[in-house]
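Descriptive analysis of the structure
What follows is each chain in one-letter form.
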Amino acid sequence: MKLFYDKRRSDPTYYVQQGYRNAEGKPTTRNVKILGKHSELLKITDDPLAYCKGQVEKLNAEYNAGRASIQLSVDYREKVDDTTDDFSKSDLLNVGYFYLQAVYQKLELKKFFESITADRKITYDCNEINRFLTYARILDPRSKYGTFDLLDTYFEKPAFDYQHILRFMDILIANSDAYLGWLYKKSNNVIPRDTSVIYYDCTNYYFEVERPDDEIVDEVTGEILSTGLRQYGFGKDHRPNPIVEMGLMMDKRGIPISMSIHPGNISEQVTAVPLEKEVVRTLNGADFIYCADAGLGSYSIRKFNSMGGRSFIVTQSIKKLSDVMKQAVFNDYGYRLLSNDDPVTIGGLKDFDRFNPDNRCLYNDCAYKVISADTAVDLGLYDYVRLKNGRTKKAKATGMIPQNIIITFSRKMMEYQRAVRERQIERAKRLAESGDPEEIKKGPNDIRRFLKRNVKTKDGKKADITYELDETKIEEEKKYDGFYAVATNLKEDRVRDILAITHKRYQIEDCFRIMKTNFDARPVFHSKEDRIRAHFLICYTSLLVYRLLECRLEDSGSHVTTENLIRTLKNMNVTDEGIYYRATYKGSTALSALTSMENLGLDMKRYKPTDLKKKIKKLLK
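Presented here is an overview of the structure given in this document.

The next thing to look at is the overall build of the protein. Along its length, the protein carries 21 helices and 22 strands. For 621 residues, the compact-globule estimate of 2.2 N^0.38 gives 25 Å, and the protein exceeds it by more than 25% at 33 Å. Taking the principal axes of the C-alpha coordinates as reference, the protein spans close to 120 × 75 × 65 Å. Relative to its 621 residues, the protein shows a buried fraction of 46%. Sequence separation of at least 24 residues holds for 67% of the intrachain contacts in the protein that already meet a minimum separation of 6. Between the averaged position of the 102 positive side-chain charges in the protein and that of its 90 negative side-chain charges there is a distance of 2 Å.

This brings us to the pattern of salt bridges. Tallying each qualifying case throughout the model produces 32 salt bridges. A salt bridge links Glu475 to Lys478, with the shortest nitrogen-to-oxygen separation between them at 3.7 Å. In this pair, Glu475 and Lys478 both sit in helix H15 (residues 471-478), three residues apart, roughly one turn of the helix. With relative accessibility at 44%, the residue Glu475 sits in the partly exposed group. Across the salt bridge formed by Arg513 and Asp510, the nearest N and O atoms sit 3.9 Å from each other. Here Arg513 pairs with Asp510, and both are found in helix H17 (residues 506-518), just three residues apart, close to one helical turn. Looking at Asp510, the relative accessible area reads 29%, which means it is partly exposed. A single salt-bridge network, built from bridges that share partners, covers Arg418, Arg421, Arg449, Glu477 and Asp481.

Before going further, it helps to examine the sheet that holds strand S13 (residues 367-372). In spatial order, the strands read S9-S8-S5-S10-S11-S19-S16-S13-S12; together these nine strands make up an open sheet with mixed pairing. Of all strands in the sheet, those bounded by a partner on one side alone are strand S9 (256-263) and strand S12 (336-337). Relative to strand S19 (residues 483-488), strand S16 (residues 404-409) runs antiparallel, the two being bridged by six bridges. Along S19, the bridge assignment pairs Ile407 with Ala485. Here helix H11 (residues 323-330) sits on the sheet in contact with S13, S16 and S19, set at roughly 150° to S13.

Along helix H16 (residues 495-502), the positions that sit buried rather than exposed are Val495, Ile498, Leu499, Ile501 and Thr502. Along the axis of H16, the buried positions cluster into a sector of 155°, meaning they face one direction only. Contacts from the buried residues of H16 go to strand S5 (197-206), strand S10 (289-292), strand S11 (311-315), S13, S16 and S19.

Bringing the nonpolar core into the picture now. By size, the foremost hydrophobic cluster in this structure holds 107 residues, and its most contacted members are Tyr97, Phe98, Phe113, Phe536 and Leu602. Considering every element that reaches this core, the biggest residue donor is helix H18 (residues 529-555), with 15 residues. Beyond its immediate sequence surroundings of up to four residues, Phe113 is in contact with Tyr104, Cys126, Asn127, Asn130, Phe168, Leu172 and Tyr179. Val273, Leu275, Val279 and Leu349 belong to the second largest nonpolar core, which has 44 residues in total.

The four strands are arranged S4-S20-S21-S22 in an open sheet whose pairing can be described as antiparallel. The open sheet has two edge strands with one neighbour each: strand S4 (93-94) and strand S22 (606-607). Across two bridges, strand S21 (residues 581-583) lies against S22 in antiparallel orientation. Within the sheet, the bridge partner assigned to Tyr581 lies in S22 and is Tyr607.

Across the interface, H18 lies against helix H19 (residues 562-571) with an axial gap of 12 Å and an inter-helix angle of 105°. Between H18 and H19, the interaxial angle falls into the category roughly perpendicular. Listed contacts from H19 to Tyr546, Leu549, Glu550 and Leu553 of H18 are Thr562, Leu565, Ile566 and Leu569. Partitioning the contact of H18 with H19 into residue classes produces six nonpolar, one polar and one charged.

Our focus in this paragraph is the state of the cysteines. As enumerated under the stated definition, the model contains zero disulfides in all. Unpaired in terms of disulfides, Cys202 finds its nearest cysteine sulfur in Cys511, a separation of 14 Å. Classification of Cys202 as buried rests on a relative accessible area of 12%. With no disulfide of its own, Cys291 lies 14 Å from the sulfur of Cys511, the closest cysteine sulfur. Owing to a relative accessible area of 1%, Cys291 belongs among the buried residues under this scheme.

The alternating pattern of S10 places Ile289 and Cys291 and Tyr290 and Ala292 on opposite faces, both of which are buried. Bridge analysis of S5 against S10 gives three bridges, and the strand direction is parallel. The partner of Val197 across the bridge, within S10, is Ile289. Relative to S11, S10 is paired through four bridges, and the arrangement is parallel.

Moving on, we get to the side chain of Gln17. Checked against the element boundaries, Gln17 lands in strand S2 (residues 13-21). Setting aside chain neighbours within four positions, we find Gln17 in contact with Met1, Lys2, Phe4, Thr29, Arg30 and Asn31.

A few words on helix H4 (residues 109-116). Leu109, Phe112, Phe113 and Ile116 are the residues of H4 that are buried. The buried residues of H4 occupy an angular sector of 90° when the element is viewed end-on, so they sit on one face.

Structurally, the position occupied by Gly36 is in strand S3 (residues 27-37). Residues Gly36 and Tyr63 lie 27 residues apart in sequence; the distance between their C-alpha atoms is 21 Å. Apart from the residues lying within four places of it in its own chain, the contact partners of Gly36 are Pro12, Thr13, Tyr14 and Leu41.

Cut-offs used in this document
Residues numbered from 1 in each chain as written. Predicted model: local features only at pLDDT ≥ 70, side-chain atom pairs only at ≥ 80, totals over all residues. Heavy atoms only, no water. Helix = DSSP H or I, 4+ residues; strand = E, 2+ residues; numbered from the N terminus. Rg over C-alpha atoms; globule rule 2.2 N^0.38 Å. Buried < 20%, exposed > 50% of the residue type's maximum accessible area, 1.4 Å probe, protein only. Contact = heavy atoms within 4.5 Å. Lys, Arg positive; Asp, Glu negative; His and termini not counted. Charge placed at Lys NZ, Arg CZ, Asp CG, Glu CD. Salt bridge = Lys/Arg side-chain N within 4 Å of Asp/Glu carboxyl O. Pairing = 2+ DSSP bridges. Axes fitted to C-alpha atoms, helices over the stretch in contact; angles between N-to-C directions. Arc of directions from axis to C-beta. Core = buried A, V, L, I, M, F, W, Y, C linked by side-chain atoms within 4.5 Å. Parallel < 35°, antiparallel > 145°, perpendicular 65-115°, else oblique. Nonpolar A, V, L, I, M, F, W, Y, C, P; charged D, E, K, R; others polar. Disulfide = S-S within 2.5 Å.

Right, here's the structure in full:
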């Protein structure tokens, strides 16, 4: 701030002026305080000019200390700035992404992009594009063009063209393997990674297209040289659309390690080992435990994870066991309580009074039994063999792997499953009474599995078709209520520790939920395969940054839900008042947690323009 007065006047008025940049970025000044006329100031001082200079110095000292008292004149007749834009835009600027940048900075991706583009003559900053595509996917997920259209809503107001985004995506996917390896390596700068356990699972993303991508076939041999990415395949939501499959690996804390994208018609069983091999190289051959559900526990996967210091814990379907193994499961002998290893019977767990306060601990406990499966017993395992024409064939596994089957029984789970089934049976009854249920394939959780079709014919007349409950089917399902099984080659570890590992598989489902629900990973506004792969790689980067931020909050003693954290970061906007930036957001428990984790000083009502610029400049080093 400086002193201004008209030297030509005999009785000038003294003002305090402050410099700033207008909407066009041009430097200008405005009067922020009136010190008074020369004649009026003579009543309190003999030298008004020296007095005013002293007042300006005092204001500057207070301003530099973060506190200043100024006067502003307001003209309520002043209109908004006129522009040639097609629609009116808000002048709010987001600063919540500063916390995301605090995590992104430690990934050192600027060095990565500088290394892969050193021999290229490009006019755009790959790291800057990657930063804001990552932030936008978390804070305001849109199409790439939608993100480009809102770049001026971020405090930095980055300047790059839409075409630069597309060119960047081509560079990104061309270096995807190196990029994923770099992300894992540098993520240790943020949170020490615990890869003693690696979880793997797959999910599908459907596309609103009318036909799948074409396959490239050798005209001579008929061999499929390349399979289109978007293909028809099995999806839990049963949509009649082509899908793309994503495989995701995460560590013990739920932080992503790596990912892969596959055509929708490829079995998820054949995706695990190739991605694992990449992770093994990334981890320099470190030992780990592979953990997955039954759909990703084929014979070849278990065999691969029985070598090189690796181990496996996978869910085992009891219904697919051989009759001999099922007898061992339902034989009420050898079961022990998980809490203290005391002998217990399944019959006793089913019959005790759960409402007796003395039985509360028993109700929350579960029983277990360990069955050795070292011999070549039938565990219902299959392999998927890739044929020369590019297809995969399901074949029954015949090999032997040293492993144990851990069977658990929970009274609480039994009652939950039976309550769910009773509601399904009631719905099946109403469906049978209402008419002819549609003849479709019965899924494992479809209520039609409880109905059986009766056909009665009369002489020369049309057959009468009726439906009734299949009591045999219902009783067969009840046998498995409360039972759960895992297969593992960890024979020296405690059962309690093994079950604790498998119970954390929910975290990978949380990762998928965040990407699909919060980050809007689909719809995907791309049709080229490389652009689709690059899109999911950007979504993966956003998930990694977010999970690292979430883990840092947990380490600082705070827990914030996904919705509250993202909404807080999104709502942290400031508006330019000319001489300062004013916060348009209020405090919250989420903001307090962020401040205690990373003290960026973003919990103030007003900010000096130079202060915010210094903050982001420091985070960009």
